[in-house]
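# Reading the structure
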Amino acid sequence: NYLRLGTSTDDKPLGIRSSVDGSITIHFGGNTASTLLSFYAGVAGDTIQGSITQNNAGAVAYNTSSDRRLKRDIAPTHYGLADLRRLSVTDFSFIADPLHRRTTGLIAQDVWAVYPEAVTVPSRLSDTWMLDYGRLTPLLVQSVQDVDVRVIALESRLARLEAELRSLKEKR
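So, here is what we can say about the structure in this document.

So, how was this worked out
Residue positions are given per chain, counted from 1 along the sequence in the order it is written. The model is predicted, so local features are restricted to residues of pLDDT at least 70 and side-chain atom pairs to those at 80 or more, both for listing and for counting; the totals for chains, interfaces and linings are taken over all residues. Processing note: side-chain calculations cover all non-hydrogen atoms of the structure and skip hydrogens and water entirely. For the purposes of this entry, the term helix denotes a DSSP run of H or I that reaches at least four residues, the term strand denotes a run of E that reaches at least two, and both are numbered from the N terminus. Only protein chains enter the area calculation, which uses a 1.4 Å probe; residues under 20% of their type maximum are buried, those over 50% are exposed, and those in between are partly exposed. Each patch groups residues whose relative accessible area exceeds 30% and which form no salt bridge, using 9 Å between like charges and 5 Å between nonpolar side chains of Val, Leu, Ile, Met, Phe, Trp and Tyr. Areas reported as accessible are Shrake-Rupley estimates using a 1.4 Å probe. Residue values count occlusion only from the protein chains shown. Think of a salt bridge as a Lys or Arg side-chain nitrogen and an Asp or Glu carboxyl oxygen that are within 4 Å of each other. We call a set of buried residues a nonpolar core when its members are Ala, Val, Leu, Ile, Met, Phe, Trp, Tyr or Cys and they connect through side-chain atoms within 4.5 Å of each other. Working rule for contacts: check all heavy atoms of both residues, and any pair within 4.5 Å makes them a contact. Buriedness of a pocket was judged along seven lines, with at least five required to meet protein on both sides within 12 Å; pockets are open sets of points on a 1 Å grid over the protein atoms alone, cavities are sets where a 1.4 Å probe fits but cannot get out, and lining residues have an atom within 4 Å of a point. Grid points are joined across faces, edges and corners, and a volume is the space filled by probe spheres set on the points.

Glancing now at the environment of Val-144. Among the secondary structure elements, Val-144 is positioned in helix H3 (residues 137–171). Classification of Val-144 by relative accessible area gives exposed; the value is 57%. Expressed as a C-alpha distance, the spacing of Val-144 and Leu-81, which sit 63 residues apart in the sequence, is 7.6 Å.

Below you can see the structure in the form of C-alpha cells.
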C-alpha cells in the first residue's frame, strides 16, 4: 500500500507506505538538500520550533530551536558531573524483540529521578515512558566542562609539585 501526495512532476512528493511486517515508511523531499519537516507554534503558528533536514549525502539532522531570542531567565545550570555519574548505563533487550538483541542505553524512569528534563512521563500509567537522548547533550557538555576544570586544577598542582621536587633536588 502506497499513498503519494503531489503530482508526477512534483520534486518534493510526500509518500506513505505500509509494509507487510506492519512498519510504516514516510518519504518526503526530493533529491536535493532540503527541509523535510518543520514544526511551528506560537499564536499565529509562525514560530519555528524545530525541523528535520537532509543534506542529500545520506545525513539527516534533527534541529531544535535554541535561539537566544526565544529564551528568558538564562542562568548557569545546576546539573553537572555528579548528576551524570548517577545515571546507570544498562544492557538489555526489548521484551517485544523476538530476536532478543542486546542493546545499551538508559531506563527512562531511572533518568527521570536524576534529570527529568530528558524524560516524557506518560499521562496514563499504562503508557510508555520515553527518553529524549538529545536532551542529555547539555548534561554531557556541562559534565565535560566540569572534568576540564578539575584536569586544569590537577595539571596546575602537578606542575607546582614537579617544580618543588626539582628545587629540592637542586639543593642536594
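A separate point is a nonpolar patch on the surface. Taken together, the side chains of Ile-16, Ile-24 and Ile-26 define a hydrophobic patch exposed on the protein surface, amounting to about 280 Å² of accessible area. Considering the arrangement of structural elements, one finds Ile-16 in strand E2 (residues 14–18). Given the relative accessible area of 33%, Ile-16 is considered partly exposed.

What follows deals with the nonpolar core. In a soluble, globular protein the nonpolar side chains are often hidden away together inside. The biggest cluster of nonpolar side chains holds 12 residues, and these are Tyr-79, Leu-87, Leu-106, Ala-108, Val-111, Val-114, Tyr-115, Ala-118, Val-119, Leu-131, Leu-136 and Leu-139. Per-element tally for this core: the top contributor is helix H2 (residues 108–114), with three residues. Those residues in contact with Tyr-115, other than ones at most four positions away along the chain, are Tyr-79, Arg-135, Leu-136, Pro-138 and Leu-139.

On to the layout of surface pockets, then. Summary: where empty space remains is shown by rolling a probe the size of a single water molecule over the atoms. Of the volumes computed, that of the largest pocket is approximately 610 Å³. Lining of the largest pocket is provided by 17 residues; of these, Lys-71, Tyr-115, Glu-117, Arg-135 and Pro-138 occupy positions nearest its centre. In terms of residue count, H3 provides more of the lining of the largest pocket than any other element does, three residues in total. Volume-wise, the second largest pocket comes out at about 260 Å³. Lining the second largest pocket, in full, are Phe-92, Ser-93, Phe-94, Ile-95, Leu-106, Ile-107, Ala-108, Gln-109, Thr-128, Trp-129, Leu-131 and Tyr-133.

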